[in-house]
There are 2 protein chains.
Amino acid sequence: MSKLLIVGTVAFDAIETPFGKTEKIIGGAATYLSLAASQFKVDSCIVSVIGNDFPKEYLEFLEDRNIDTSGIEIVPEGKTFFWSGKYHNDLNTRDTLATELNVLANFQPKVPEKFKEPDFLMLGNLHPSVQMAVIQQIPKRPKLVVLDTMNYWMDNAWDELMEVLKKVDVITINDEEARQLSGEYSLVKAAQKIYSMGPKYVVIKKGEHGALLFYDGKVFFAPALPLEEVFDPTGAGDTFAGGFIGYLAGTHDINFENMKRAVIYGSNLASFSVEKFGTRRMEYLTKDEINRRLQEFKQLTQFDIELN
Amino acid sequence: MSKLLIVGTVAFDAIETPFGKTEKIIGGAATYLSLAASQFKVDSCIVSVIGNDFPKEYLEFLEDRNIDTSGIEIVPEGKTFFWSGKYHNDLNTRDTLATELNVLANFQPKVPEKFKEPDFLMLGNLHPSVQMAVIQQIPKRPKLVVLDTMNYWMDNAWDELMEVLKKVDVITINDEEARQLSGEYSLVKAAQKIYSMGPKYVVIKKGEHGALLFYDGKVFFAPALPLEEVFDPTGAGDTFAGGFIGYLAGTHDINFENMKRAVIYGSNLASFSVEKFGTRRMEYLTKDEINRRLQEFKQLTQFDIELN
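Residues numbered from 1 in each chain as written. Chains lettered and ligands numbered in written order. Predicted model: local features only at pLDDT ≥ 70, side-chain atom pairs only at ≥ 80, totals over all residues. Heavy atoms only, no water.

By the naming in an unreviewed UniProt entry, chain A goes by PfkB family carbohydrate kinase and is assigned to Namhaeicola litoreus.

### Brief notes about the overall build of chain A
The criterion, for reference: Labels follow the DSSP assignment, with helices taken as runs of H or I lasting at least four residues and strands as runs of E lasting at least two, numbered in each case from the N terminus. As a reference, a globule follows 2.2 Å times the number of residues to the power 0.38, and the radius of gyration itself is taken over C-alpha atoms. The buried label applies to any residue whose accessible area, calculated with a 1.4 Å probe on protein chains only, is under 20% of its type's maximum; exposed applies above 50%, and partly exposed to all values in between.
For chain A, the count of helices and strands is eleven helices and 14 strands. Scaling as 2.2 N^0.38, a compact globule of 308 residues should have a C-alpha radius of gyration of about 19 Å, and chain A matches this with 18 Å. Projected onto its principal axes, the C-alpha coordinates of chain A cover approximately 70 × 45 × 40 Å. When burial is assessed residue by residue, chain A has 60% of its 308 residues classed as buried.

### Regarding the relation of the copies chain A and chain B
To be explicit about the condition: Superposition of the copies was done by least squares, using only C-alpha atoms of residues whose pLDDT is at least 70 in both. By definition, residues are in contact when any of their heavy atoms lie within 4.5 Å.
Placing chain A over chain B gives an RMSD of 0.0 Å and needs a rotation angle of 180°, together with 0.0 Å of translation along the axis. Such a combination of turn and shift is consistent with a two-fold rotation axis. Comparing interface residues between copies, 100% of those in chain A also sit at the interface in chain B, which points to an isologous, same-surface contact.

### A closer look at the side chain of Ser 38 of chain A
Considering the arrangement of structural elements, one finds Ser 38 of chain A in the loop between helix 1 (29-37) and strand 5 (42-51). Not counting chain neighbours up to four residues away, the residues in contact with Ser 38 of chain A comprise Arg 65 and Ile 67 of chain A.

### Description of the packing of helix 1 of chain A against helix 8 (residues 236-251) of chain A
When two helices pack together, their arrangement is given by the angle between the helix axes and the distance between those axes. Residue and element names in this part refer to chain A. Rules: Here an axis means a line fitted to C-alpha atoms, over the contact stretch when the element is a helix, while the angle between two N-to-C directions is reported on a 0 to 180 degree scale. Geometric relationships in this document are graded by angle, where less than 35 degrees denotes roughly parallel, more than 145 denotes roughly antiparallel, 65 to 115 denotes roughly perpendicular, and other angles denote oblique. Here a crossing is taken to be left-handed if its near helix is turned anticlockwise relative to the far helix by less than a right angle, and right-handed if that turn runs clockwise. Under the grouping applied here, Gly and all other residues not named as nonpolar or charged are polar, the nonpolar ones being Ala, Val, Leu, Ile, Met, Phe, Trp, Tyr, Cys and Pro and the charged ones Asp, Glu, Lys and Arg.
The geometry of helix 1 relative to helix 8 is characterised by a closest axis approach of 7 Å and an angle of 40° between their N-to-C directions. In this view, helix 1 runs oblique relative to helix 8, as classed from their interaxial angle. For the pair helix 1 and helix 8, the sense of crossing is right-handed. In this structure, helix 1 uses Ala 29, Tyr 32, Leu 33, Ala 36 and Ala 37 to contact helix 8, whose residues at the interface are Asp 238, Thr 239, Ala 241, Gly 242, Gly 243 and Gly 246. In terms of residue class, the contact of helix 1 with helix 8 is built from six nonpolar, four polar and one charged.

### A closer look at the pairing of strand 14 (residues 218-222) of chain B
All names here are of chain B. The condition that has to hold: Strand pairing requires that DSSP identify at least two bridges connecting the strands.
Note: strand 13 (residues 211-215) against strand 14, five bridges, orientation antiparallel. The residue bridging Leu 212 from the neighbouring strand is Phe 221, located in strand 14. Linking strand 13 back to strand 14 in an antiparallel pair, the connection comprises two residues, with Asp 216 at a positive phi of about 50°.

### Structural notes on the side chain of Lys 260 of chain A
For Lys 260 of chain A, the position within the fold is in helix 9 (residues 256-273). Exposure remark for Lys 260 of chain A: the relative accessible area of 6% places this residue in the buried category.

### Overview of the packing of helix 9 (residues 256-273) of chain B against helix 11 (residues 287-301) of chain B
All names here are of chain B. Contact pair helix 9 / helix 11: the axes reach a minimum separation of 10 Å and the direction vectors enclose 115°. By the angle between their axes, helix 9 is roughly perpendicular relative to helix 11. Here helix 9 runs over helix 11; the crossing is right-handed. Residues Ile 264, Tyr 265, Ser 267, Asn 268, Leu 269, Ser 271 and Phe 272 of helix 9 pack against Glu 289, Ile 290, Asn 291, Arg 293, Leu 294 and Phe 297 of helix 11.

### Remarks on unusual backbone geometry
For residues that are not glycine, phi is negative in most cases, and the peptide bond is trans in most cases. Residue and element names in this part refer to chain A. Positive phi outside glycine occurs at Leu 91, with the angle close to 65°. Among the secondary structure elements, Leu 91 is positioned in the loop between strand 7 (82-87) and strand 8 (94-100). The class for Leu 91 is buried, based on a relative accessible area of 11%. Even without being glycine, Asn 102 reaches a positive phi, approximately 50°. Tracing the sequence through the fold places Asn 102 in the loop between strand 8 and strand 9 (120-123). Residue classification places Asn 102 among the partly exposed residues on the basis of a relative accessible area of 27%.

### Brief notes about the interface of chain A and chain B
Condition: A side-chain nitrogen of Lys or Arg and a carboxyl oxygen of Asp or Glu constitute a salt bridge if their distance falls within 4 Å.
Taken residue by residue, the interface counts 42 residues in chain A and 42 residues in chain B. Connecting chain A to chain B are four salt bridges. Note that Lys 189 of chain A and Glu 229 of chain B form a salt bridge whose closest N and O atoms lie 3.1 Å from each other. Taken together, the elements giving at least two residues each to the side of chain A that touches chain B come down to helix 6 (175-182), helix 7 (187-195), strand 13 (211-215), strand 14 (218-222), helix 9 and helix 11 (287-301) of chain A. A per-element tally of the side of chain A that touches chain B places helix 11 of chain A first, with eight residues. Here the side of chain A that touches chain B is composed, by residue class, of 19 nonpolar, ten polar and 13 charged.

### Some thoughts on helix 3 (residues 128-135) of chain A
Residues and elements named next belong to chain A. Taking burial as the measure, the eight residues of helix 3 include six buried ones, the bulk of the element. Where helix 3 is concerned, the buried positions are Pro 128, Val 130, Gln 131, Met 132, Val 134 and Ile 135. Those residues of helix 3 that are buried lie in contact with strand 1 (2-7), strand 9, strand 10 (144-148), helix 4 (151-156) and helix 5 (158-165).

### Looking at the sheet that holds strand 14 of chain A
Hydrogen bonding along the main chain pairs the strands of a sheet, whether they run parallel or antiparallel. All names here are of chain A. Here we have nine strands laid out as an open sheet, ordered 6-5-1-9-10-11-12-13-14, and mixed in their pairing. The sheet is open, and its two edges are formed by strand 6 (67-75) and strand 14, each paired on a single side. Averaged over all pairs of adjacent strands, the angle between strand axes in this sheet comes to 15°, irrespective of strand direction. The pairing of strand 9 with strand 10 spans four bridges and is classified as parallel.

### A look at the packing of aromatic side chains
Let me state the cut-off plainly: Within 6.5 Å between ring centres, the rings of Phe, Tyr and Trp (the latter by its six-membered ring) count as paired, and their orientation is classed by plane angle as stacked under 30 degrees, edge-to-face over 60, tilted in between. Here, a charge over a ring means that NZ of Lys or CZ of Arg falls within 6 Å of the ring centre while also lying within 35 degrees of the ring normal.
Following the criterion strictly, the structure yields 25 aromatic pairs over all chains and no others. Summarising the aromatic geometry, the rings of Phe 40 of chain A and Tyr 265 of chain A are spaced 5.4 Å apart at their centres and angled 85° between planes, so their arrangement reads as edge-to-face. Here the residue Phe 40 of chain A occupies a position in the loop between helix 1 and strand 5, and Tyr 265 of chain A occupies one in helix 9, the gap between them amounting to 225 residues. Looking at Phe 40 of chain A, the relative accessible area reads 9%, which means it is buried. Clustering of aromatic rings is evident, with ring pairs tying together Phe 12, Phe 54, Tyr 58 and Phe 61 of chain A. Between Lys 24 of chain B and the ring centre of Phe 82 of chain B, over which it is positioned, the NZ or CZ distance is 4.8 Å. Note that Arg 293 of chain B overlies the ring of Phe 272 of chain B, its terminal NZ or CZ placed 3.8 Å from the centroid.

### Looking at the environment of Ala 249 of chain B
Residues and elements named next belong to chain B. For Ala 249, the position within the fold is in helix 8 (residues 236-251). By relative accessible area, Ala 249 is classed as buried at 1%. Along the backbone, Ala 249 and Lys 41 are 208 residues apart, and their C-alpha atoms lie at a distance of 7.8 Å. Residues contacting Ala 249, with those up to four places away along its chain left out, are Ser 2, Val 42 and Phe 120.

### Let's talk about helix 1 of chain A
Judged by how many residues are buried, helix 1 of chain A sits mostly within the fold: nine of nine residues are covered. Residues of helix 1 of chain A that are buried: Ala 29, Ala 30, Thr 31, Tyr 32, Leu 33, Ser 34, Leu 35, Ala 36 and Ala 37 of chain A.

### As for the sheet that holds strand 11 (residues 170-174) of chain B
Residue and element names in this part refer to chain B. Within the open sheet, the nine strands sit side by side as 6-5-1-9-10-11-12-13-14. Their pairing is mixed. Each edge of the open sheet carries a strand with a single partner, namely strand 6 (67-75) and strand 14. Averaged over neighbouring strand pairs, the angle between their axes works out to 15° when direction is ignored. One ladder, built from three bridges, connects strand 10 (residues 144-148) with strand 11; its direction is parallel.

This is the structure:
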């Protein structure tokens, strides 16, 4: 079975959408990433940091899904990273109400010994120097390194971001971030510029408008499933990325045809994630449900045309 | 061969984009619609109105493409409808600089005798009462009636729009207009509400984000082809609709599988239209180019997944 190492936040979120609001609930990029990847046959391990306020039962819940949590450092006197946000009516935009870094402020990632040779490495959205610190603990280059990042690091840690981009195979970012990173409005041109920064594959997440996979002059598009109701978009991008790398790790195959399937699986899983607040929907999602939705993706996208 | 009747504007446009600006050039919904439809084996006819300032050579050019222009009334002392607009840097939004209705102000459509029994009817974006006046000249319901409209008529001619919607099979609108028409944010729910207004098929155009086809609980998605350069979006929606109905008319088949192909062809043709100012690209587009791009659409969307 492939070893998948996931680096990212394990956190508390408080979320407000037009449909309701939550108290502090479980969140964090690594949580969403690992829950999505756990739908595939992989040995996953999270590298992260939490405070002593984080429920031990949730770590056990992750362990029960074959997610190794021994790389999640627990700071005895610390408090877990907390984010709070409020979505606007269209759910496409949100205001951050609070960001309390807490234990994340001094996070020094430590990769557990048994995951120092991962086959797949997922660098969740974190300071690029933290992402680099993980890469430096891994002596042999993994089969595939996927990095997620955001505009904040482009504004505040450009040089560090450029350094870590040289070390990765795939970058996942949203369309506005791709434009900011490349200085190009056309996503085709943006991908070409980003290749020159390091990643051979560029995955551009467009939320309700789907996702594009660019590689070597080729492009593939996975739509988002049109849904009657989107309840909470939090974590959708991480769920997408977790489904993407989880599928690749589960099949141990990174050729382009398989990458296409991986973005479809990413979009598939993300379409569930948004149906409930936080990680709730991902916690009881079954393979049967995923397979049924895969049929919907086929009906949504597949056509049969002979040339004129 | 199917008879396709197209009602819409034949106009002059002056366009400014970040890449340049034009003097008065040929434009209008019916022009784009008919140029796109002329790529398929159909007998088309335009119903419209122009002034004596419109070049006769362009009518001859349309006639050469098997587009009957006998339904284009020429008002001897009149001036042709003129629209001028300036696109913003992202090309997704634009400001209207001038709208001179001219001969369009008193347009009373007259369907030529030999097109009074069309197989396919395309009602381009016009006042709903003008669209209705065309329907009333056609004694036998066509195989398919497609209507395009816009937010302006929702704001200013709601009752007339509701009346004409009862008479059509397919509506093509953009996502914001679908939301305005239905009062629903979710496009899935919007389509359901719009069904109850008359159309059995709802085509939602999302510009660079592709197009959705809704019918009877089913949904199909045609992406827009990611392009290196988009030069001028003017007429892309009409080119899409013209490709859609042109393909259906050319194949004389309106089952849902064929409608899927039709939205792919619509998106295919629209991807060319935006490559040059105005109608320029559509005027020398060849079937070979369309077929090559069809292969690109297949590569963009087609995947092969077995269930886990």
